[in-house]
Amino acid sequence: MSLPHAILTALLEKPSSGLELTRRFDRSIGYFWSATHQQIYRELGKLEAEGLIRALPTEQPVRGQKKSYEVLPAGRAELARWTAAAQDPRPHRDPLLLRLRAAAVVGTEGVVDDLRRHLDLHRRQLAEYEEIERRDFPPGKDSPQDRLQHLVLRAGIDLETFWTRWLEHALAEFAELPTEQR
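Residues numbered from 1 in each chain as written. Predicted model: local features only at pLDDT ≥ 70, side-chain atom pairs only at ≥ 80, totals over all residues. Heavy atoms only, no water.

(A) Molecular detail of the side chain of Asp 114. Looking at the element boundaries, Asp 114 is found in helix H6 (residues 111-136). One polar contact links Asp 114 to Arg 117, side chain to side chain, over a distance of 2.8 Å. If we skip the residues at most four places from it in the chain, Asp 114 touches Leu 96 and Arg 99. (Helix = DSSP H or I, 4+ residues; strand = E, 2+ residues; numbered from the N terminus. Polar contact = N/O pair within 3.5 Å; in protein donor to acceptor, adjacent residues only side chain to side chain. Contact = heavy atoms within 4.5 Å.)

(B) Fine view of the packing of aromatic side chains. Scanning the entire structure with this criterion turns up three aromatic pairs. Ring geometry for Tyr 31 versus Tyr 129: centroids 5.2 Å apart, planes at 85 degrees, classification edge-to-face. Of this pair, Tyr 31 sits in the loop between helix H2 (18-27) and helix H3 (37-49) while Tyr 129 sits in helix H6, and the two are 98 residues apart along the sequence. Of the residues examined, Tyr 31 reaches a relative accessible area of 29% and is grouped as partly exposed. For Tyr 129, a relative accessible area of 6% translates into the label buried. Note on Trp 163 and Trp 166: the rings are 5.6 Å apart at their centroids and 80 degrees apart in plane angle, and the pair reads as edge-to-face. Linking Trp 163 with Trp 166, this pair stays in helix H7 (residues 144-176), spanning three residues, or about one helical turn. For Trp 166, a relative accessible area of 23% translates into the label partly exposed. Members of the aromatic cluster, joined through ring pairs, are Phe 162, Trp 163 and Trp 166. Directly above the ring of Phe 137 sits Lys 141, whose terminal nitrogen or CZ lies 5.6 Å from the centroid. (Phe/Tyr/Trp six-rings, centres within 6.5 Å; stacked < 30°, edge-to-face > 60°. Buried < 20%, exposed > 50% of the residue type's maximum accessible area, 1.4 Å probe, protein only. Lys NZ or Arg CZ within 6 Å of the ring centre and 35° of its normal.)

In structure tokens form, the structure reads like this:
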């Protein structure tokens, strides 16, 4: 149910065509709520059919022209309703953690290499988030919208920091295992 709300949010921030929206997902919202381009286009059609968004009128013929969408009052109301509704946290599901649990009973071959690979990926993502923070949230940029967007980015930074530290700890644990256990 959250993809339509992610799209409504993005369109309220800035009316966009489907292509522009998919690019914005790739650069921002996609960091914490991913969707394929096909899913986004399919959802745009549903949102338009439900009367939550509309294609902006164009002065040129529509054929071959990309449609830009805007949120209608019903879409804004739906997003406000969804934002205000209580939601329970979802359990965290991560195949790496399940693989570590399985390694305890079947052996750890290949696990250390994958832990190192994950550590590298999380370090790179952390560096990217920190660069976005430096670029997009300099001191003094503190409108309510900026503060909430920065809060979302901080969640990403904090999560990547957690994973980086946890993976470093996991690799240290593996280094202390007897050789036949590795």
